[in-house]
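Spelled out from the first residue to the last, the chains are:
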Amino acid sequence: HGDYIAMEKEGVDLIPLKSSLEEIYDDSVGQIAKYHVPKYKLLVECFEKIYGVKPRYFSRAPGRVNMIGEHIDYCGYAVLPAAIEQDMIIAFVESSEAFIEINNVMEGSYKPLKFPLDKDIKFVEKKEERWINYFLAAFRHIAQRKSPELKKGYKVLVSSTVPIDAGLSSSAAFSVSSTLVPLFVYGFRDKYPRSEMVQHIVNYERSVGVNCGGMDQTISIFAESGTAKLIEFNPIKAYTVQIPSKAALVIANSMTAVPKLATAGTRYNKRVVECRLGLTLLCLKHGLIKHPSERKFATFYELQKSLGFTFAQMLDLVKKYIKKEPFTVEEINKEFGCPILDIVKDIQNHEIVLSSNTEYFLYNRAYHVFGEAERVYQFRDCCAKGEYPGQLEELGKLMNASHGSCRDLYDCSSPELEILTKLCRDSGAYGSRLTGAGWGGCTISLIPFDKVPIFLSAIEPFYTAGVNPKLMPNEELSKYLFATKPGSGATLFDSSKYSWQSHLSLIHI
């Protein structure tokens, strides 16, 4: 990877503190005045209305779109995401009171909450309030790990332009932006490297209830404007990948929500369990272990690295040792020589997976992982060649192959995603695929930059046509269908010296 720049450079591995929006957002076509200043204006106005004071500081973290590399980060393999311009923003002020006060700009959907400064603060159990556990996990981590003197609290107001439950990682954006607040309030910004922060955020997101792999948090923290990142794990490293200048990325929301916590037992977390079972079976059949309890490898990546096999050889291994049909629990117990519980008991939230399922698809999951991992590097290599005729078509084929594997082998598509990706390809996209965990959420399409307006018009009927259109009256289509550029990573923003007046009448702070 000599041609790629690792992000863990000495001296630049801290969360940046910016003093202007121009340092955070691209403004090549006036986006700051048109999109970003109004959302900060609304946030400041709401904050002052609630707390009686204007905020000086803001933490913000972007959502992300995964170009390619779905469901392989928790198997140890590299992924290729980009941050999007849409972000989670938290305005905050320090408080002399020993409490954390949390409000949301969408106050009708999220009620105000107040918590004491307790290093061992408990998570909220009420289903409608569980969203706050990401925030509490961030506070608890900083309080316990960095051991600050908890003599001052803080008041926050949350705002987001990242669609919720849409596969654009609003949860990671919330976790990251929530971490930056106590990090700054308690004086640890210059003592906490970003590379260290990523793994800790992954760990406490898992404590909330989702076995995430690390991609979402890494790109939200390390993203650079205008580029995607090839992210490798163990250790976490991010390499710049230049997307062709003639390409545009269009995000289209299938309007099917993907509530991770509510479906973890039968979807996301089940795939983590199936990958563990597939890994263990390959090790047993290939003679690398004699009993599942040996746990020689933690991921498919570690197994492949130890064997020194190519991706093609790993796929042959899957075909040789794992049957294509699903395994029942009884078959797993017999094949492995021990109860399924013994194999997966160290996986977080395995109980809900085992209680919710009677069969497991080990062949399909393993075959997807090795095939998708290879496509990530093929995508990177294609971008690294420089721009050439047919490049976008080549990238599009890789994206389409990725979607087919997600649909047929990982079973994480949905009827809405199938309709939408077909419409996108029929409307001129070189490639269109689900992005994020799947089962709903969003698609990403690769199209020529000069065809964006025509393409958006062709996709609009998905939201507006029919007797029961997906778009509600007075809703803005741009919330669900939009072109985007790779955005910058997580930052803190000190607005005290920013010249809001440079944007004239759009904002008055």
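Residues numbered from 1 in each chain as written. Predicted model: local features only at pLDDT ≥ 70, side-chain atom pairs only at ≥ 80, totals over all residues. Heavy atoms only, no water.

**Brief notes about the overall build of the chain**
Condition: In this description a helix means any DSSP run of H or I spanning at least four residues, a strand means any run of E spanning at least two, and both kinds are numbered starting from the N terminus. Here the radius of gyration uses the C-alpha set of atoms, whereas the globule reference equals 2.2 Å times the residue count to the power 0.38. Burial classification: accessible surface area is computed with a 1.4 Å probe over protein chains only, and a residue below 20% of its type maximum counts as buried, one above 50% as exposed, and the rest as partly exposed. Any pair of residues with heavy atoms lying within 4.5 Å of one another is described as a contacting pair. Here the accessible surface of atoms and residues is derived via Shrake-Rupley with a 1.4 Å probe, and residues count as covered only by protein chains that are part of the display. Only four residue types enter the charge count: Lys and Arg as positive, Asp and Glu as negative, with His and the chain ends excluded. To locate a charge, the coordinates of NZ of Lys, CZ of Arg, CG of Asp or CD of Glu are taken.
A count of helices and strands for the chain gives 17 helices and 15 strands. Relative to the 2.2 N^0.38 estimate, which gives 23 Å for 509 residues, the radius of gyration of the chain is 23 Å and therefore close to what a compact globule would have. Based on the C-alpha atoms only, the size of the chain along its principal axes is roughly 65 × 55 × 55 Å. Counting across all 509 residues of the chain, residues that qualify as buried make up 57%. Here the contacts in the chain between residues at least 6 apart in sequence split such that 74% fall between residues at least 24 apart. Summed over all atoms, the accessible surface of the chain reaches about 21100 Å², with 52% contributed by carbon and sulfur. Separation of charge centres in the chain, based on 60 positive and 59 negative side chains, amounts to 2 Å.

**Looking at the confidence of the model for the chain**
Low pLDDT marks stretches whose predicted atomic positions should not be read closely. Where we set the bar: Confidence scores labelled pLDDT are given residue by residue by the predictor and lie between 0 and 100.
Per-residue pLDDT for the chain averages 89, and the proportion of residues at 70 or more is 93%. Below a pLDDT of 50 lies the segment residues 504-509, which in the model reaches 12 contacts outside its immediate sequence neighbourhood of four places, other chains included.

**Side note on the packing of helix α3 (residues 170-185) against helix α4 (residues 194-208)**
Keep this limit in mind: As a rule, the C-alpha atoms of each element are fitted with a line to give its axis, helices using only the stretch in contact, and angles between N-to-C directions run from 0 to 180 degrees. Note on convention: the crossing is left-handed when the near helix lies turned anticlockwise from the far helix by less than a right angle, right-handed when the turn is clockwise. Classification convention: Asp, Glu, Lys, Arg as charged; Ala, Val, Leu, Ile, Met, Phe, Trp, Tyr, Cys, Pro as nonpolar; all other residues, Gly among them, as polar.
The contact between α3 and α4 brings their axes to 11 Å, and the two run at 115 degrees. Considering the relative orientation of α3 and α4, their crossing is right-handed. Between α3, through Ser-171, Ala-172, Ser-175, Val-176, Thr-179, Leu-180 and Leu-183, and α4, the contact on the second element is made entirely by Met-197, Ile-201, Tyr-204 and Glu-205. Partitioning the contact of α3 with α4 into residue classes produces 7 nonpolar, 3 polar and 1 charged.

**Section: the pattern of salt bridges**
It is possible for side chains of opposite charge to pair when their charged atoms get near one another. Using the following cut-off: Basic side-chain nitrogens of Lys or Arg form a salt bridge, by our definition, when they fall within 4 Å of a carboxyl oxygen of Asp or Glu.
Taken as a whole and assessed by the stated rule, the structure comprises 26 salt bridges. The closest approach of N and O atoms between Lys-285 and Glu-335, which form a salt bridge, is 2.8 Å. You can see Lys-285 sitting in helix α7 (residues 268-285) and its partner Glu-335 sitting in helix α10 (residues 329-336), a full 50 residues away along the chain. Residue classification places Lys-285 among the partly exposed positions, given a relative accessible area of 37%. Three or more residues joined by partner-sharing salt bridges are found here, namely Glu-70, Glu-372, Arg-375 and Arg-433.

**Some points on unusual backbone geometry**
Of note in the backbone geometry, Ser-169 takes a positive phi value of approximately 65 degrees without being a glycine. Positionally, Ser-169 belongs in the loop between β6 (153-160) and α3. Since its relative accessible area comes to 7%, Ser-169 is described here as buried. With a phi angle near 45 degrees, Arg-295 is a residue other than glycine that sits in the positive phi range. Along the chain, Arg-295 falls in the loop between α7 and α8 (300-307).

**Examining the packing of helix α9 (residues 311-321) against helix α13 (residues 362-384)**
For the record, the criterion: Between 65 and 115 degrees an angle is taken as roughly perpendicular, under 35 as roughly parallel, over 145 as roughly antiparallel, and anywhere else as oblique.
It is at 10 Å that the axes of α9 and α13 come closest, and there the two elements cross at 175 degrees. Put simply, α9 runs roughly antiparallel to α13. Residues Phe-311, Met-314, Leu-315, Val-318 and Lys-319 of α9 lie in contact with α13, whose contacting residues are Tyr-363, Ala-366, Tyr-367, Phe-370, Gly-371, Ala-373, Glu-374 and Tyr-377. Each residue belonging to the contact of α9 with α13 can be placed in one class, and the counts come to 10 nonpolar, 1 polar and 2 charged.

**Brief notes about the sheet that holds strand β2 (residues 57-68)**
For clarity, the threshold we go by: Note: two strands are recorded as paired if DSSP finds a minimum of 2 bridges between them.
The strand order β1-β15-β2-β3-β6-β4-β5 describes an open sheet built from 7 strands, whose pairing is mixed. Edge strands, defined here as strands with exactly one partner in the open sheet, are β1 (17-18) and β5 (113-116). Each of β2, β3 (80-95), β4 (99-104), β6 and β15 (491-494) is contacted by helix α1 (residues 31-51), which is oriented at about 30 degrees to β3, the strand it contacts most. Contacting β2 and β3, α13 crosses the sheet at an angle of about 105 degrees to β2.

**Quick look at the sheet that holds strand β13 (residues 442-448)**
Taken in spatial order, the 4 strands line up as β12-β13-β9-β14 in an open sheet, and their pairing is antiparallel. What marks the edges here is a single partner per strand, and that holds for β12 (431-435) and β14 (481-484). Each adjacent strand pair in this sheet contributes to an overall mean axis angle of 25 degrees, direction not counted. Both β12 and β13 contribute to a ladder of 5 bridges, which runs antiparallel. Across the sheet, the residue bridging to Leu-434 is Thr-443, located in β13. Across the sheet, helix α16 (residues 452-459) lies against β9 (247-253), β13 and β14, angled at about 140 degrees from β13, the strand it touches most.

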